[in-house]
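Listed below are the residues making up each chain.
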Amino acid sequence: MKIKNLIPTLTFALVVLFNTNAFAQDTKMVGGAEMYPTKDIVSNAVNSKDHTALVAAVKAAGLVETLQGDGPFTVFAPTNSAFEKLPEGTVSTLLKKENKEKLQAVLTYHVLAGKYNAKAIVKAIKKGDGKAVFTTVNGSELTAMMDGDTIVLKDTSGNTSTVTISDVNQSNGVIHVVDTVVIPKM
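Calculation rules
Residues numbered from 1 in each chain as written. Predicted model: local features only at pLDDT ≥ 70, side-chain atom pairs only at ≥ 80, totals over all residues. Heavy atoms only, no water. Buried < 20%, exposed > 50% of the residue type's maximum accessible area, 1.4 Å probe, protein only. Helix = DSSP H or I, 4+ residues; strand = E, 2+ residues; numbered from the N terminus. Arc of directions from axis to C-beta. Contact = heavy atoms within 4.5 Å.

S.K.: I'm lost on helix α8 (residues 118-127) in this one. Help?
M.R.: Every α-helix winds through 3.6 residues per turn, so residues three or four apart in the chain are directed the same way. Three or more residues of α8 are buried, namely Ala118, Ile121, Val122 and Ile125. Buried residues of α8 fall within an arc of 95° about the axis and therefore sit on the same side. Of the exposed residues in α8, those oriented more than 90 degrees away from the buried face are Lys119, Lys123 and Lys127. Directly beyond the C-terminal end of α8, a positive phi value near 55° is found at Asp129.

S.K.: What exactly am I supposed to notice about unusual backbone geometry here?
M.R.: Among all residues except glycine, the phi angle is most often negative; among peptide bonds, the trans geometry is most common. The peptide bond linking Gly71 to Pro72 adopts the cis configuration, its omega dihedral lying at 5°. Among the secondary structure elements, Pro72 is positioned in the loop between α4 (64-67) and β3 (73-78). Its identity is not glycine, yet Asp129 carries a phi of approximately 55°, on the positive side. Relative to the assigned elements, Asp129 resides in the loop between α8 and β5 (132-135).

S.K.: Before we go on, may I ask you to explain helix α3 (residues 52-60) in this structure?
M.R.: Restricting attention to buried positions, one finds in α3 the residues Leu54, Val55, Ala57 and Val58. The arc that holds every buried residue of α3, seen down its axis, measures 160°, which confines them to one face. Those residues of α3 that are buried are in contact with α2 (41-45), α4, β3, α5 (80-84) and α7 (100-108). Of the residues flanking the end of α3, it is Gly62, one or two places downstream, whose phi is positive at about 70°.

Given below as structure tokens:
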């Protein structure tokens, strides 16, 4: 009789355990912070210590509301060290009010309309015989290819950027962390 009374309790405990594990698997650490799939792109990015330059740029470009919108979006999110690779003075110049349109062009070059997880990008690369060309939100093309098991992006100037963390799911899309800022031809 006591075993029958324990069954509902054990069932509840197992459901909680499996649901907790499923949620934990969807959550990734980026820049020392958990990225919750229930939060939007901006709400997660502001917590990453590795993306303070990106967040400042998104704010300066007036793109916060857009990236908090429904989407879905795929964002290739450059780290602070990616911004540091740019020629000296580039970031400070782009952050000036008079360069807002150029900053928007650079940032929206890192965004695709739609949700493309790593598996979808790799599938497109294989379908394209080693290359997949995506049209970014700014209208320019960005090429994806593989280097072993790693996704590499190539901008219109021939510069490359490596995806270092993929499939950081958001409520309105997905983020892939990249190690280099890609620049569209302007």
